[in-house]
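# Examining the three-dimensional arrangement
In case you want the letters, here they are:
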Amino acid sequence: MNKLKLVSRFAFALILAACAAPGSSAPISPNQLTVSTSRDQVEPGEQVDLSANSTDGSAAYSWTATKGELSADSGQRVTWTAPDVATRTDVAITVVASG
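Since the structure is predicted, the reported quantities are computational estimates derived from the model, not experimental observations.

## Quick word on the nonpolar core
The biggest cluster of nonpolar side chains holds 15 residues, and the ones touching the most others in it are Leu 50, Ala 52, Tyr 61, Trp 63, Trp 80, Ile 93 and Val 95. Contributing elements (two or more residues each) for this core: strand S5 (47–54), strand S6 (60–65), strand S8 (77–81) and strand S9 (90–96). Setting aside anything within four residues of it in sequence, one finds Ala 52 in contact with Leu 33, Thr 34, Val 35, Tyr 61, Trp 63, Gln 76 and Ile 93.

This is the structure:
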């Protein structure tokens, strides 16, 4: 069994855009964002649910993955399917206040 730890072999990158909402000077900071996964281990070809929640209720969420496949490229919740072979993969989320 070739299990991979999502947090060690797969680099789960969190990218926060330091963009303020129109008419505001407060960007979304890391302490205003929670990111979670449905599991902490994933085998090649398996799926993991990813979710993000910001204290800014109108934030826009954008997801990218260097390998594997995302169910969507935007939204608070996505499903990521791991590649069929064990490899390093970066999954990133960008969160921007949309005020």
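## Section: the pattern of salt bridges
Evaluated as defined, the whole model comprises 2 salt bridges. Here Glu 46 makes a salt bridge to Arg 39, at a shortest N to O gap of 2.8 Å. Exposure remark for Glu 46: the relative accessible area of 25% places this residue in the partly exposed category. The exposure class assigned to Arg 39 is partly exposed, which follows from its relative accessible area of 32%. In this structure, Arg 88 engages Asp 90 in a salt bridge whose closest nitrogen and oxygen atoms are separated by 3.1 Å.

Analysis parameters
Residues numbered from 1 in each chain as written. Predicted model: local features only at pLDDT ≥ 70, side-chain atom pairs only at ≥ 80, totals over all residues. Heavy atoms only, no water. Core = buried A, V, L, I, M, F, W, Y, C linked by side-chain atoms within 4.5 Å. Buried < 20%, exposed > 50% of the residue type's maximum accessible area, 1.4 Å probe, protein only. Helix = DSSP H or I, 4+ residues; strand = E, 2+ residues; numbered from the N terminus. Contact = heavy atoms within 4.5 Å. Salt bridge = Lys/Arg side-chain N within 4 Å of Asp/Glu carboxyl O.

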